[in-house]
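The chain contents come next:
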Amino acid sequence: MDERGKYLRRLKRLRGSARRWSVLGGGLTAATIVLVPYSGLGVADAVWAAGAGASVVLARWRWRDYRELDAQPTPEPSLSGPRLAKALERTEVGRTVLNEVRRQKNRYVLRGSVIADAWDRLERASATMTGLAGRLSGAGETAALEAATAERWLRDLGQRVASVERAIPLGQPDRRAALEQSHAALAEQFTEGVTAFEELVAAAAGYVAEDGQPMTDTRHPAYFGLVEATERLRGIAEGLAELRDQTARFASTPPRQPTEPSDLTPGRSRQLG
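Counting of residues starts from 1 at the beginning of each chain's written sequence and follows it residue by residue. Residue-level local features of this predicted model are given only where pLDDT is at least 70; pairs of side-chain atoms are given and counted only at 80 or more, and the full residue set underlies all totals for whole chains, interfaces and linings. Hydrogens and water are ignored here; the side-chain numbers use all heavy atoms of the structure.

A. View of a nonpolar patch on the surface. Two joining distances apply to patches: 9 Å for like charges and 5 Å for nonpolar side chains (Val, Leu, Ile, Met, Phe, Trp, Tyr), and every residue must have over 30% relative accessible area and no salt bridge. Residue burial considers only the protein chains on display, and all accessible areas are found by Shrake-Rupley using a 1.4 Å probe. Put simply, a salt bridge is a Lys or Arg side-chain nitrogen that is within 4 Å of an Asp or Glu carboxyl oxygen. Together, L233, I236 and L240 make up an exposed nonpolar region whose accessible area comes to about 320 Å². Counting from the N terminus, the helices are the DSSP runs of H or I reaching at least four residues and the strands are the DSSP runs of E reaching at least two. Residue placement: L233 occurs in helix α8 (residues 221-252). We classify L233 as exposed; its relative accessible area is 58%. Burial classification: accessible surface area is computed with a 1.4 Å probe over protein chains only, and a residue below 20% of its type maximum counts as buried, one above 50% as exposed, and the rest as partly exposed.

Structure, rendered in C-alpha cells:
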C-alpha cells in the first residue's frame, strides 16, 4: 500500500476509536451521575466513576491524535498503487505514462553502473521494436515474440548485474576478487545480449522495409490516388481564380451612359418629331 492509503487508513482508525471511546465515556458518566445519588458512593459506584473518567480521558486523547493527523497534508497518490495503476492501464496515455515511470525507475537503479550505456541502448532498441511489432507479419510475428522474450531476459540480467555490482564493496577482501570476476562475466553477457537484440531489431526493420515495397516497379495505387486528387484540387482552384478575375473586371467596368438627343441622326430626329 502507498503512503496515501496508509495515511487515510490510519486516519479512519483514529476517528473510529475516538467515537467509540466518546460513546463509552458518555454512557459510563451518565450511569454514574444517575446511580450515585440513589445508593451513595460505594465500591461499585467507584468502578463506574473510574471507568467513566478513563473513557473520557481516552476519548480526548484519541480526538487530539485524530486532529493532529488530519492537520497534516495528505500524501499524493503514488503510481505504484494497484488501483491507480489499473486505472491508468485502461487508456493508451496511461499505459505510456506507466511505462515511462517504470523505465525511469529501472534506469535510476542502474545509475553509475558499468552497464548503464548498454542499458540505454537496450531502451532505444526496445522502443524501436515496439514501433515495428505491429507491422511484422508471417515469419516476422515469430521474431517479435522471440524479441519480447529476449528483452525480458536482458532486463532481468541487467538488474542482476547492478545488484551484484552494488554488493562488491560489501564483500570480504579475500572474496572480492571472485565476486568481481562473476560480475564481469555477467556484464559481458549482458552487453553481448544487447548487441544481439539490436541486430534483431535492425533485421526486423529491414523486413518491414522490404515488405512495404511493391513486387513490380509500378507505384502503389495510393500514389496515383494522391496525384489525381492533387490535380483535381488544382483545377478547381484555378477555375475559382479565373471566375474571381472575371467578376472583378465586370465590376470595374463603368456603366454605359444614356444617349444625348444631339447625338441622334437627322433621320432619327425627324422620326421622333
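B. Fine view of the pattern of salt bridges. Scanning all chains against the criterion turns up eight salt bridges. Across the salt bridge formed by R121 and E198, the nearest N and O atoms sit 3.0 Å from each other. Of this pair, R121 sits in helix α5 (residues 116-133) while E198 sits in helix α7 (residues 173-211), and the two are 77 residues apart along the sequence. A cluster of three or more residues bridged by salt bridges with shared partners is formed by R62, R64 and D65.

C. Examining the packing of α5 against α7 more closely. Running from amino to carboxyl end, α5 crosses α7 at an angle of 25 degrees, the nearest separation of the two axes being 9 Å. Taken together, the axis directions place α5 and α7 in an arrangement best described as roughly parallel. Viewed along their axes, α5 and α7 form a crossing whose handedness is left-handed. Here A118, W119, R121, L122, A125, S126, T128, M129 and L132 of α5 lie close against α7, whose contacting residues are F190, T191, V194, T195, F197, E198, V201, A204, A205 and V208. For this classification, the nonpolar set comprises Ala, Val, Leu, Ile, Met, Phe, Trp, Tyr, Cys and Pro, the charged set comprises Asp, Glu, Lys and Arg, and every other residue, Gly included, is treated as polar. Partitioned by chemical class, the residues of the contact of α5 with α7 number 13 nonpolar, four polar and two charged. Simply put, an axis is a line fit to the C-alpha atoms, just over the touching stretch for a helix, and the angle between two N-to-C directions goes from 0 to 180 degrees. Should an angle fall under 35 degrees it is taken as roughly parallel, and over 145 as roughly antiparallel, whereas 65 to 115 is taken as roughly perpendicular and any remaining angle as oblique. Each crossing gets its handedness from the near helix: less than a right angle anticlockwise from the far helix is left-handed, clockwise is right-handed. Throughout, a residue-residue contact means that at least one pair of heavy atoms, one from each residue, lies within 4.5 Å.

D. Focus on the nonpolar core. To qualify as a nonpolar core, a set must consist of buried Ala, Val, Leu, Ile, Met, Phe, Trp, Tyr and Cys residues joined through side-chain atoms within 4.5 Å. Ranked by internal contacts, the top residues of the largest apolar core, which has 24 residues, are L122, M129, F190 and F197. Residue assignment for this core shows that the elements contributing at least two residues are α5, α6 (139-167) and α7. It is α7 that provides the largest number of residues to this core, a total of eight residues. Those residues within four positions of F197 in sequence are excluded, and the remaining contacts are L122, A125, S126, A147, A150, E151 and L154. Among the nonpolar cores identified, the runner-up in size contains five residues, and Y7, L11, Y66 and L69 belong to it.

E. Broad picture of the packing of α5 against α6. The interhelical angle for the contact between α5 and α6, taken along N-to-C directions, is 155 degrees, at an axis separation of 11 Å. As the angle between them shows, α5 and α6 are arranged roughly antiparallel. Considering how the two elements wind past one another, α5 and α6 form a crossing that is left-handed. On α6, the residues touching W119, L122, E123, S126 and M129 of α5 are A143, A144, A147, E151, L154, R155, G158 and Q159. Residue composition of the contact of α5 with α6, by class: seven nonpolar, three polar and three charged.

F. View of the confidence of the model for the chain. By definition, pLDDT measures how confident the predictor is in each residue, and it falls between 0 and 100. Considering every residue of the chain, the mean pLDDT works out to 76; 73% of them sit at 70 or more. Throughout residues 268-273 the model reports pLDDT below 50, and contacts reaching past four residues in sequence, or to other chains, amount to two contacts.

G. Broad picture of the packing of aromatic side chains. Centres within 6.5 Å make a pair out of two Phe, Tyr or Trp rings, where for Trp the six-membered ring is used; the pair is then stacked when the planes are under 30 degrees apart, edge-to-face when over 60, and tilted otherwise. Evaluation of the coordinates by the stated rule reveals two aromatic pairs. Relative to Y66, the ring of W63 has its centre 5.9 Å away and its plane inclined at 85 degrees; by these criteria the two rings are edge-to-face. Of the two residues, W63 and Y66 are both situated in helix α2 (residues 43-71); the distance of three residues between them amounts to about one turn of the helix. Take W63: its relative accessible area is 26%, and that puts it in the partly exposed class. Accessibility expressed as a relative area gives 14% for Y66, which makes it buried. Geometrically, the ring pair formed by W119 and F190 is stacked, given 6.2 Å between the ring centres and 15 degrees between the ring planes. On the criterion of sequence distance, the pair formed by W119 in helix α5 and F190 in helix α7 is long-range, its members being 71 residues apart. Owing to a relative accessible area of 0%, F190 belongs among the buried residues under this scheme.

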